[in-house]
Amino acid sequence: MEEQKISLAGKTQKQLKEIVSQLGMPGFTANQIADWLYVKQVRTIDEMTNISLKHRALLSEKYQVGLTQPAECAASTDGTRKYLFPVSDGHFVEAVFIPDNDRATLCISSQVGCKMGCVFCMTGRQRYTASLSANEIINQILSLPERSLLTNVVFMGMGEPLDNLENVLAVQEILTSKWGFGWSPHRITISTVGLRRELKQLIEGCECHVAVSLHAPTPEKRIQLIPAEKAFSMTEMLEVLKRYDFSHQRRLSFEYTLFAGVNDSMDDARQLIKTLEGLDCRINLIRFHAIPDSPLRPVGEIHMTEFRDYLTRHGVFATIRASRGEDIWAACGMLSTARQNEKNKDNED
């Protein structure tokens, strides 16, 4: 059986230098490879024409660029496109392209399934299978048909990014380094339910925006929605966040999905203001996209606006996130779950 070649896409400059050193190539070849991968964005080693034929052949013996096209695309009437990418062991992850006037955001995944078990999330129902490699994460960007239009990337797709922090930070290094995409870190947002140790590493290790999945004003309510609250207390998480300065360009936001009769009362709003006291932050209010067999229900537009306005009047900046792609199974994990179920059924037949 032929040995699987190692993918170069997803390697940092340091890792590329180690590769060329092991192959006996000049050190500057690492910079050339990085330029071909992340600036020119080629798909084969043969296209790296300023590297000698001899060295390209040597590199090709064990390595490949390693990009994989999406297996499926669901297009919404509002312009949103959800792509399904194949990853290792026959699994799939989702990436969602969201155009909005002069802004184009890609929501990418970091894991197959998730350990956090959020009751309102289809990915949580899949349970955790594997963390994506840096190659599988960056592939969602490099193999995106609209990649030239991208202005922003958010790590808010399938999985808990901080549970795969090493590979997530490798990808953000590629996106923000001069030898990579050369983006400002403020074009990137990394979401988390609040893993304490990893949260500190994230804040101290990069300048990307941080988005915390809160979804409840108190620990007692949060644990009903996010079982991981038992291991990763919001109280301790907030104590960590208060040690850092988010008053400049870097943004701290809290994601708060409203569920009718669960976390949407004015008492909840008052408690939320109290909970976030002392933090320079914003709240993103999110409409719930219903998932199968869930007792949770979305709130109406008028009530959502009232909740937002109450927060704003009391000094907490809040916005309502525009709902996109509902006609293409917009809820995270829906499309990949359907594809995986089809695959399982085919295997049974």
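Please refer to the structure placed before this passage.
This part is about helix α3 (residues 53–62). Those residues of α3 not exposed but buried are His55, Arg56, Leu59 and Ser60. Down the axis, α3 shows its buried residues gathered within 135° of arc, on one side only. Relative to its buried face, α3 has exposed residues pointing more than 90 degrees away, namely Leu53, Lys54, Glu61 and Lys62. Check the buried side of α3 and you find it contacts α1 (13–22), α2 (29–39) and β2 (63–64).

Read across the sheet, ten strands follow the order β3-β4-β5-β6-β9-β10-β11-β12-β13-β14 without closing on themselves; strand pairing throughout is mixed. Edge positions in the open sheet fall to β3 (72–75) and β14 (317–320), since each of these has one partner strand only. Taken over all neighbouring pairs, the strand axes of this sheet differ in orientation by 20° on average, direction set aside. Pairing analysis gives six bridges linking strand β4 (residues 81–86) to strand β5 (residues 92–100), with the strands arranged antiparallel. Of the residues in β5, the one forming a bridge with Arg81 is Phe97.

On to the pairing of β14, then. Here β14 shows one buried face, formed by Ala318 and Ile320, and one open face, formed by Phe317 and Thr319. The sheet contact formed by strand β13 (residues 282–287) and β14 spans four bridges and is parallel. From the neighbouring strand, Ile283 faces β14, where its bridge partner is Ala318. Between β13 and its parallel partner β14, the chain crosses via helix α11 (residues 301–313), and the hand of that crossover is right-handed.

With that out of the way, let us pick up the nonpolar core. Judged by nonpolar contacts, the single largest core of 104 residues is most densely connected at Leu241, Phe254 and Leu311. Broken down by element, the residue count for this core peaks at seven residues, all from helix α6 (residues 165–176). When residues no more than four places from it in sequence are discounted, the contact partners of Phe254 are Val212, Leu214, Leu238, Leu241, Leu276, Leu279, Cys281, Arg282, Ile283 and Asn284.

About the thresholds
- Residues numbered from 1 in each chain as written.
- Predicted model: local features only at pLDDT ≥ 70, side-chain atom pairs only at ≥ 80, totals over all residues.
- Heavy atoms only, no water.
- Buried < 20%, exposed > 50% of the residue type's maximum accessible area, 1.4 Å probe, protein only.
- Helix = DSSP H or I, 4+ residues; strand = E, 2+ residues; numbered from the N terminus.
- Arc of directions from axis to C-beta.
- Contact = heavy atoms within 4.5 Å.
- Pairing = 2+ DSSP bridges.
- Axes fitted to C-alpha atoms, helices over the stretch in contact; angles between N-to-C directions.
- Right-handed = clockwise from strand over helix to strand, strands pointing away.
- Core = buried A, V, L, I, M, F, W, Y, C linked by side-chain atoms within 4.5 Å.

On their own, these measurements won't tell you what the molecule is for.
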